[in-house]
Amino acid sequence: MTMALPSGSWTHSFEEDAGGIEVYRPTATFAFPPSRKGRKVLEFGTGGKTGEEGAATLTAMSPGPDDRPRAGAADRLVPLGMGRYGVGGTAAAPQEVLEIIEATPDILKLARR
């Protein structure tokens, strides 16, 4: 188990959520069960749309009206220490704080504060 920031695409496996902890699985390799509820996708990357070379970014994708995923704006991730990252806003006042509870190649668990 590691607290390092993941990379790539992670899809919400909401069936596994428990106690305020969201569970995500690798989008390309995990066999998700069929669901009528759309699944959110988190894309972790660097630089990209934020324009800051080398900065960690997060793009959230949610199901649109036709169930195809729609990407929101990429937000810069600001390391806050202890596996926590500020999302959006400023370093001093992030809009949201993501806490990485567990990150392995097969599972990502996070809490939103």
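Remember, it's a predicted structure, so these values are computed and weren't measured experimentally. (Residues numbered from 1 in each chain as written. Predicted model: local features only at pLDDT ≥ 70, side-chain atom pairs only at ≥ 80, totals over all residues. Heavy atoms only, no water.)

Chemist: Describe the pairing of strand β5 (residues 69-81), listing the residues and the values that go with them.
Modeler: Bridge count for strand β4 (residues 56-63) against β5 is six bridges, and the pairing is antiparallel. Directly across from Ser 62, in β5, lies its bridge partner Arg 70. Connecting β4 to the next strand, β5, in antiparallel fashion are five residues, including Asp 67 with a positive phi near 75 degrees. With four bridges joining them, β5 and strand β6 (residues 84-87) adopt antiparallel strand pairing. In the strand pairing of β6, Gly 81 is matched with Arg 84. Hairpin remark: β5 followed by β6, antiparallel, with two residues in the connecting loop; positive phi at Met 82, about 60 degrees. (Pairing = 2+ DSSP bridges. Helix = DSSP H or I, 4+ residues; strand = E, 2+ residues; numbered from the N terminus.)

Chemist: Quick one: what's the story with the confidence of the model for the protein, residue by residue and with numbers?
Modeler: Model confidence for the protein is summarised by a mean pLDDT of 87, while 90% of its residues fall at 70 or above. Mean pLDDT values over the elements of the protein span from 88, in β5, up to 97, in strand β2 (residues 22-26). (pLDDT = per-residue confidence, 0-100.)

Chemist: Outline the environment of Thr 11, listing residues and values.
Modeler: Turning to its location among the elements, Thr 11 is positioned in strand β1 (residues 8-12). For the pair formed by Thr 11 and Thr 46, sequence separation is 35 residues and the distance between their alpha carbons is 18 Å. Only 2.6 Å separates the side chain of Thr 11 from the side chain of Thr 27, close enough to count as a polar contact. (Polar contact = N/O pair within 3.5 Å; in protein donor to acceptor, adjacent residues only side chain to side chain.)

Chemist: Break down the packing of aromatic side chains for me, citing the residues and quoting the values.
Modeler: By the definition in use, this model includes one aromatic pair. Taking the centre distance of 4.8 Å and the plane angle of 70 degrees together, the rings of Phe 30 and Phe 32 count as edge-to-face. Since its relative accessible area comes to 31%, Phe 30 is described here as partly exposed. For Phe 32, a relative accessible area of 22% gives the class partly exposed. The residue whose ring lies beneath Lys 37 is Phe 14, and the NZ or CZ to ring-centre distance is 4.5 Å. (Phe/Tyr/Trp six-rings, centres within 6.5 Å; stacked < 30°, edge-to-face > 60°. Buried < 20%, exposed > 50% of the residue type's maximum accessible area, 1.4 Å probe, protein only. Lys NZ or Arg CZ within 6 Å of the ring centre and 35° of its normal.)

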